Structure formats: C-alpha cells, structure tokens
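Okay, here's what each chain looks like letter by letter:
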Amino acid sequence: MKKPVAAAVVHLDGKILTTRRSPDQSLACLWGFPGGKLEHEKSPQECIFRELREELGVDSVAGEIITTTTYAYPGGEIELIAITVELQSTQFNLQFHDRFDWVQPQEILQYNLAPADIPIAQEIIRKYG
C-alpha cells in the first residue's frame, strides 16, 4: 500500500526552495522538497502546513496540487503529492535538514535529489523553467 506524502513547491522571486536532509535522517544528504507523510483524515494542504511548521519553523499557505508521482523505496512505496506553497516567512529554523537553497528551476536537476523528487523537479522545470 502506498503511503501518501506531501511535498512543498515554493516558488519565490523566480527560484524554487530545496532542502537537504541531515546526515542522521532517512535519505541522508539528499536534496528535495520539504514535506512529510499525510496523517489520517488530513488533506495534503493541511499536511504541508503542519510539516513546514515542524521542519522549517514557518507558516505557509498551501495551494493547488501540481503533480503526483509514485516511487518504491526499499521501505515501501510512496505517493508524493507536490503542492504549491506560499511562505509567510523565509526565516527558517531547520529541524530535519542541514541546508536549504533557492534554485533556478532549470538548475534543480543538478542537485542530488531523492529519487521520488526527480519527477517533481521535471514538472517544475516544465511549469516554471
């Protein structure tokens, strides 16, 4: 059974937010889009609001779903739901990541992305690149 996971696509001043997972996290040192698992009975938008508050210490407004992708990791299959997000602040307090970067859409595939995030990056390039 696929686990639904929400991913934030933050587009600001022509750039996209990417975060790198800390060495002690699963998918250590891989880049991607912040987010996390959907809890029961919650929408992807509610999930992304909660996750950005937990992971980055910022409030946000979640918008539309851009794309959905499925990927089978060794621990199980996930359905990654990419959602447009507007941040209320860019003063981050990183909890599960050790770095963040604002990237030009066409340069995003140059980062060592988590496998499930690659199709989302390709959609971002198509949409914003």
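The following refers to the structure shown. It should be emphasised that the depicted structure is a prediction, and the values quoted were computed from it without experimental measurement. (Residues numbered from 1 in each chain as written. Predicted model: local features only at pLDDT ≥ 70, side-chain atom pairs only at ≥ 80, totals over all residues. Heavy atoms only, no water.)

So, the overall build of the protein
- Within the protein, the secondary structure is distributed over two helices and seven strands.
- Going from N to C terminus, the protein has its helices and strands arranged as β-β-β-β-α-β-β-β-α.
- The C-alpha radius of gyration computed for the protein amounts to 13 Å, which stays within 12% of the reference 14 Å derived for 129 residues, consistent with globular compactness.
- When the backbone C-alpha atoms are referred to their principal axes, the protein occupies close to 40 × 30 × 30 Å.
- Of the roughly 6,900 Å² that the protein leaves accessible, carbon and sulfur atoms contribute 46%.
- If the 12 positive side-chain charges of the protein are averaged to one point and the 18 negative ones to another, these points end up 3 Å apart. (Helix = DSSP H or I, 4+ residues; strand = E, 2+ residues; numbered from the N terminus. Rg over C-alpha atoms; globule rule 2.2 N^0.38 Å. Areas by Shrake-Rupley, 256 points an atom, 1.4 Å probe, with all protein chains shown as cover. Lys, Arg positive; Asp, Glu negative; His and termini not counted. Charge placed at Lys NZ, Arg CZ, Asp CG, Glu CD.)

Concerning the pairing of strand E6 (residues 76-87)
- Sheet topology places strand E1 (residues 3-12) next to E6; eight bridges connect them, and they run parallel. Paired with Val5 across the two strands is Leu80, which belongs to E6.
- For strand E5 (residues 60-73) and E6, the ladder comprises eleven bridges, and the chain directions are antiparallel. From the neighbouring strand, Ala62 faces E6, where its bridge partner is Val85.
- Hairpin geometry of E5 and E6 is characterised by an intervening segment of two residues between the two adjacent antiparallel strands. (Pairing = 2+ DSSP bridges.)

Quick notes on helix H1 (residues 44-56)
- Given a rise of 1.5 Å per residue, 13 residues ought to cover 18 Å, and the 17 Å separating the end C-alpha atoms of H1 matches this to within 8%.
- Turning to H1, its buried residues number three or more, namely Pro44, Cys47, Ile48, Arg50, Glu51, Leu52, Glu55 and Leu56.
- The elements touched by buried residues of H1 are E1, strand E2 (15-21), strand E4 (35-37), E5, E6 and strand E7 (97-103).
- Following H1 by one or two positions, Gly57 adopts a phi angle in the positive range, close to 75 degrees. (Expected span 1.5 Å × (residues − 1). Buried < 20%, exposed > 50% of the residue type's maximum accessible area, 1.4 Å probe, protein only. Contact = heavy atoms within 4.5 Å.)

What to know about the pattern of salt bridges
- Summed over all chains, the structure comprises seven salt bridges.
- The shortest N-O distance in the salt bridge between Glu51 and Arg50 comes to 2.7 Å.
- Notably, a salt bridge pairs Arg126 with Glu123, separated by 2.5 Å at the nearest N-O pair. Of this pair, Arg126 and Glu123 both sit in helix H2 (residues 118-128), three residues apart, which is roughly one turn of that helix.
- The structure contains a network of salt bridges with shared partners spanning Glu39, Arg50, Glu51 and Glu54. (Salt bridge = Lys/Arg side-chain N within 4 Å of Asp/Glu carboxyl O.)

Some words on the side chain of Thr18
- For Thr18, the location among the structural elements is in strand E2.
- Ignoring sequence-local partners within four residues, the contact set of Thr18 consists of Trp31, Gly32, Phe33, Arg99, Phe100, Asp101, Val103, Ile108 and Tyr111.

Looking at the packing of aromatic side chains
- Tallying each qualifying case throughout the model produces four aromatic pairs.
- On the numbers, 6.4 Å between centres and 25 degrees between planes, the contact of Phe92 with Trp102 is stacked. Taken together, the residues span a long stretch of sequence, with Phe92 in the loop between E6 and E7 and Trp102 in strand E7 at a distance of ten residues.
- Every member of this aromatic cluster is reached through a ring pair, and the members are Phe92, Phe100 and Trp102. (Phe/Tyr/Trp six-rings, centres within 6.5 Å; stacked < 30°, edge-to-face > 60°.)

Details of the environment of Gly129
- As for its position among the elements, Gly129 is in the segment after H2.
- By relative accessible area, Gly129 is classed as exposed at 66%.
- Note: C-alpha distance between Gly129 and Glu107 (22 residues apart in sequence) is 9.0 Å.
- If we ignore the near neighbours within four places in the chain, the residues touching Gly129 are Pro105, Gln106 and Ile124.

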